[in-house]
Amino acid sequence: MPANSPDSAAFDLNLDARSEVRHNWRLEEIEALFALPFNDLLFRAQQVHRAHFDPNAVQVSTLLSIKTGACPEDCKYCPQSGHYNTGLGKEKLLEIEKVVEQARAAKEAGASRFCMGAAWRSPRERDLEVVLEMVGRVKALGLETCMTLGMVDTDQASRLAEAGLDYYNHNLDTSPEYYGEIITTRSYADRLDTLSNVRDAGMKVCSGGILGMGEAPRDRAALLQQLARLEPHPESVPINMLVKVPGTPMENVEDLDPLEFIRAIAVARILMPASHVRLSAGREQMDESTQAMAFLAGANSIFYGDTLLTTGNPQVERDRALFDKLGLHPEQRDTRTDDERAETALAHAIQRQRDDGLFYDAAQA
C-alpha cells in the first residue's frame, strides 16, 4: 500500500489516534487526510477530539475592535485596509473605560476570553502604553485576555506578557505559496517572526487562517502543515471562512463548498489534537447544520456576540439556542496552577486504575 494513500493515512492514525502530537507532518500525509471518505475523516477527528477534550464543551470568546480602519496593509480580504474603499470609517483607539465596560458585558454573557483587535501594522509606543493598561483592567475581571495588534518585536511582546496578556493572535492566513496573491505589504517570514516573539515572551499563541480566498486544496493542506510545524502547536487555531466584503478584491471570489470547510476543521483537529480549533469568521453565513458538523469535526471554540471586528456574527441568543439543541455548553476557564492540575490528573489516573481492578486491598490479602 503506498505510504501516502488515504487508506495508509487512516491506518497510521489507528496506531494511536488518541494521544499522538506531531510537528513533522508531511504535505502528502495531510493531503491524504483530506482525501479520506468524509465519514471516515470525521470519525478520526472525533476520536482525537474526545481523547483531549470534553466533546460537548465549547470555549467562548468575545472579540472587540479597539481601533478600526485605515490599516496600511493591503490584505485583499480585509475591509479595514486603507487600500480599499469599503465604506468603513477610521476610528481612534477606544477609551479604556469603554473597553472594560464591553469586557464586563462579555463575561456576563458567558464569555471566558476577551479578545481585542487593532488595525495596525504594528503598535506605536504611545498606543502600546494604553493597550497595556487595557490588558491589566480586563484581566482583573477574571477573563482570559487576547490581543491582535499586528507585528510585535521582542520588546513589545515581553511588555505585553508582563502586563498579563494570555494570548496573542497573529494568523498565517494561507499557505506560503499562495500568500503573495493575498498580501504584499508583509511577508510570511514577518508573520512567523511575530509568532516566535510571542512564544519566546511566554504568551500563548492564537494562529490560524482564512479559507475560501480562491486557494487550491493543496494550499489549505500547506497552511495547516505550517501551523502544525510550530512547536508547541498554537493553543488556539481559528479557522475562518472568507467573509466577502464589497470593495475588497475578494468580494466576487467563488464560494468554498461548506463540506470542504468541514474537512479542514477535521484535519486541523487531527494535526493539532490538544489545540482549541475555533469556528471563527464566516459563521454568520453558516446554517445550524453546518455549524453542528463543524463541532462534530472537532471545532471547540467560537466567538460569541453580535460582531466580529467589523463583520457580522451570530447573535448571542441564536448561539444559546443552538447550544441547547446540540447539548453543548460553554467551557469553564481553568484557574488552577500547573501543580494543581498535575495533582488532579494523577488522582484521576489512580482512580482509573482502581476502577480497572489493577489495585487490590492489601489489608484483605
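Here the residue numbering is sequential within each chain, running from 1 through the sequence in written order. It should be noted that, the model being predicted, local features are given only for residues of pLDDT at least 70 and side-chain atom pairs only at 80 or more, the latter also being counted only at that level, while totals for whole chains, interfaces and linings use all residues. Think of the side-chain values as coming from all heavy atoms in the structure, minus any hydrogens and water.

Undergrad: What's the story with helix α8 (residues 217–229) in this structure? I'm lost.
TA: For α8, which comprises 13 residues, the first-to-last C-alpha distance of 19 Å matches the rise-based estimate of 18 Å (1.5 Å per residue) to within 8%. Counting buried positions over the 13 residues of α8 gives ten, a clear majority of the element. Contacts are assigned to residue pairs that have any heavy atoms within 4.5 Å of one another. Secondary structure follows DSSP: runs of H or I at least 4 residues long count as helices, runs of E at least 2 residues long count as strands, and numbering of each begins at the N terminus. Lining the buried residues of α8 we find α2 (27–34), α7 (188–200), β6 (209–211), β7 (236–241) and α9 (258–271). Here a helix's expected span is defined as the number of its residues, less one, multiplied by 1.5 Å. Summary of the burial criterion: residues with accessible area below 20% of their type's maximum are buried, those above 50% are exposed, and those between are partly exposed, where the area comes from a 1.4 Å probe applied to protein chains only.

Undergrad: Before we go on, may I ask you to explain the nonpolar core in this structure?
TA: As a rule of thumb, nonpolar side chains are buried together in soluble globular proteins. Ranked by internal contacts, the top residues of the largest apolar core, which has 93 residues, are Ile-66, Tyr-77, Met-147, Leu-160 and Phe-261. Per-element tally for this core: the top contributor is α9, with nine residues. What we call a nonpolar core is a set of buried Ala, Val, Leu, Ile, Met, Phe, Trp, Tyr and Cys residues that are connected through their side-chain atoms within 4.5 Å. Ranked by size, the runner-up nonpolar core spans five residues in total, among them Cys-115, Cys-146, Tyr-167 and Phe-303.

Undergrad: Where do I start with the pattern of salt bridges in this structure?
TA: If the charged atoms of two oppositely charged side chains come close together, the side chains can form a pair. Each reported salt bridge corresponds to a side-chain nitrogen of Lys or Arg within 4 Å of a carboxyl oxygen of Asp or Glu. Enumeration over the complete set of coordinates arrives at 20 salt bridges. A salt bridge links Glu-284 to Arg-318; the nearest nitrogen and oxygen atoms lie 3.9 Å apart. Here Glu-284 is found in the loop between β8 (276–279) and α10 (288–296), whereas its partner Arg-318 is found in helix α11 (residues 316–326), with 34 residues between them in sequence. For Arg-318, a relative accessible area of 40% puts it in the partly exposed group. Each of Arg-22, Arg-26, Glu-28 and Glu-29 takes part in one network of salt bridges that share partners.

Undergrad: Any chance you could explain the confidence of the model for the protein here in plain terms?
TA: Atom-level detail of predicted coordinates should not be read off regions where pLDDT is low. Per residue, pLDDT measures the predictor's confidence, with a range of 0 to 100. The predicted model of the protein has a mean per-residue pLDDT of 83, with 79% of residues at 70 or higher. Counting interchain partners and residues more than four positions distant, the pLDDT-below-50 stretch residues 1–11 has 14 contacts. This model gives residues 359–365 a pLDDT under 50, and the stretch forms four contacts once residues within four places in sequence are excluded.

Undergrad: Could you clarify how one ought to interpret the pairing of β8 in this entry?
TA: Remark: a regular strand shows side chains that alternate across the two faces of the sheet. Of the two faces of β8, both are covered, the one formed by His-276 and Arg-278 as well as the one formed by Val-277 and Leu-279. Between any two strands, at least two bridges found by DSSP are needed for them to pair. Inspection of the sheet shows β7 paired to β8 by four bridges, in the parallel sense. Along β8, the bridge assignment pairs Val-237 with Val-277. One ladder, built from two bridges, connects β8 with strand β9 (residues 301–303); its direction is parallel. Following the sheet pairing, Arg-278 is matched in β9 by Ser-301. Handedness is read with the strands pointing away from the viewer; a crossover is right-handed when the path from the first strand over the helix to the second is clockwise. Traced from β8 through α10 to β9, the parallel crossover comes out right-handed.

Undergrad: Please explain the packing of α2 against α8 as it appears in this structure.
TA: Pairs of packed helices are described in terms of their axes, by the angle between the two and the distance that separates them. Helix axes are fitted only over the stretch in contact, all axes being lines through C-alpha atoms; the angle between N-to-C directions runs from 0 to 180 degrees. At a minimum axis distance of 9 Å, the contact between α2 and α8 shows a crossing angle of 120 degrees. Considering their axes alone, α2 and α8 lie oblique with respect to each other. α2 and α8 meet at a crossing whose hand is right-handed. Every residue of α8 that contacts α2 at Leu-27, Glu-28, Ile-30, Glu-31 and Phe-34 is listed here: Arg-218, Arg-220, Ala-221, Ala-222, Leu-224 and Gln-225. Along the lines of polarity and charge, the residues of the contact of α2 with α8 split into six nonpolar, one polar and four charged. Throughout this description, any angle smaller than 35 degrees is read as roughly parallel, any larger than 145 degrees as roughly antiparallel, any in the 65 to 115 degree range as roughly perpendicular, and the remainder as oblique. Each crossing is labelled by how the near helix is turned from the far one, with a counterclockwise turn of less than a right angle marking it left-handed and a clockwise turn marking it right-handed. Throughout, the ten residues Ala, Val, Leu, Ile, Met, Phe, Trp, Tyr, Cys and Pro are labelled nonpolar, Asp, Glu, Lys and Arg are labelled charged, and all others, Gly among them, are labelled polar.

Undergrad: For this particular structure, what's the right way to read unusual backbone geometry?
TA: The phi angle of most residues is negative, glycine excepted, and most peptide bonds adopt the trans form. Of note, the amide linkage connecting Glu-231 to Pro-232 takes the cis form, showing an omega dihedral of -10 degrees. Tracing the backbone through its elements, the reader meets Pro-232 in the loop between α8 and β7. Located in the positive-phi region is Asp-173, a residue other than glycine, with phi close to 75 degrees. As for its position among the elements, Asp-173 is in the loop between β4 (167–169) and α7.

Undergrad: Is there a simple way to explain the pairing of strand β2 (residues 113–118) in this structure?
TA: Burial within β2 is extensive, with six of its six residues counted as buried. Sheet topology places strand β1 (residues 57–67) next to β2; six bridges connect them, and they run parallel. Paired with Thr-62 across the strands is Phe-114, a residue of β2. Direction of pairing for β2 relative to strand β3 (residues 144–148): parallel, over a ladder of five bridges. Bridged to Met-116 within β3 is Met-147.

Undergrad: Please explain the state of the cysteines as it appears in this structure.
TA: Here, disulfide denotes a covalent bond that connects the sulfur atoms of two cysteines. Here, the term disulfide refers to a pair of cysteine sulfur atoms separated by no more than 2.5 Å. Following the criterion strictly, the structure yields zero disulfides and no others. Distance from the sulfur of Cys-146, which forms no disulfide, to the nearest cysteine sulfur (Cys-115) is 4.0 Å. The structure places no disulfide on Cys-206, whose sulfur is separated from the nearest cysteine sulfur, that of Cys-146, by 4.9 Å.

Undergrad: When you look at the packing of aromatic side chains in this model, what are you seeing that I'm missing?
TA: Only centres within 6.5 Å qualify two rings of Phe, Tyr or Trp (six-membered ring in Trp) as a pair; their planes then separate them into stacked at under 30 degrees, edge-to-face at over 60, and tilted for everything else. A complete count under the given rule lists two aromatic pairs for this structure. Aromatic side chains Tyr-179 and Tyr-188 sit 5.2 Å apart centroid to centroid with 85 degrees between the ring planes, which places their arrangement in the edge-to-face category. You can call Tyr-188 buried: its relative accessible area is 10%. Centroid distance Phe-295 to Phe-323: 6.3 Å. Interplanar angle 90 degrees. Geometry classified as edge-to-face. Pair noted here: Phe-295 is in helix α10 and Phe-323 is in helix α11, with a separation of 28 residues, a long-range link. Charge over a ring is defined by NZ of Lys or CZ of Arg lying within 6 Å of the ring centre and within 35 degrees of the ring normal. The cationic tip of Arg-22 hangs over the ring face of Trp-25; the distance from NZ or CZ to the ring centre is 4.1 Å. Between Arg-113 and the ring centre of Tyr-167, over which it is positioned, the NZ or CZ distance is 3.8 Å.

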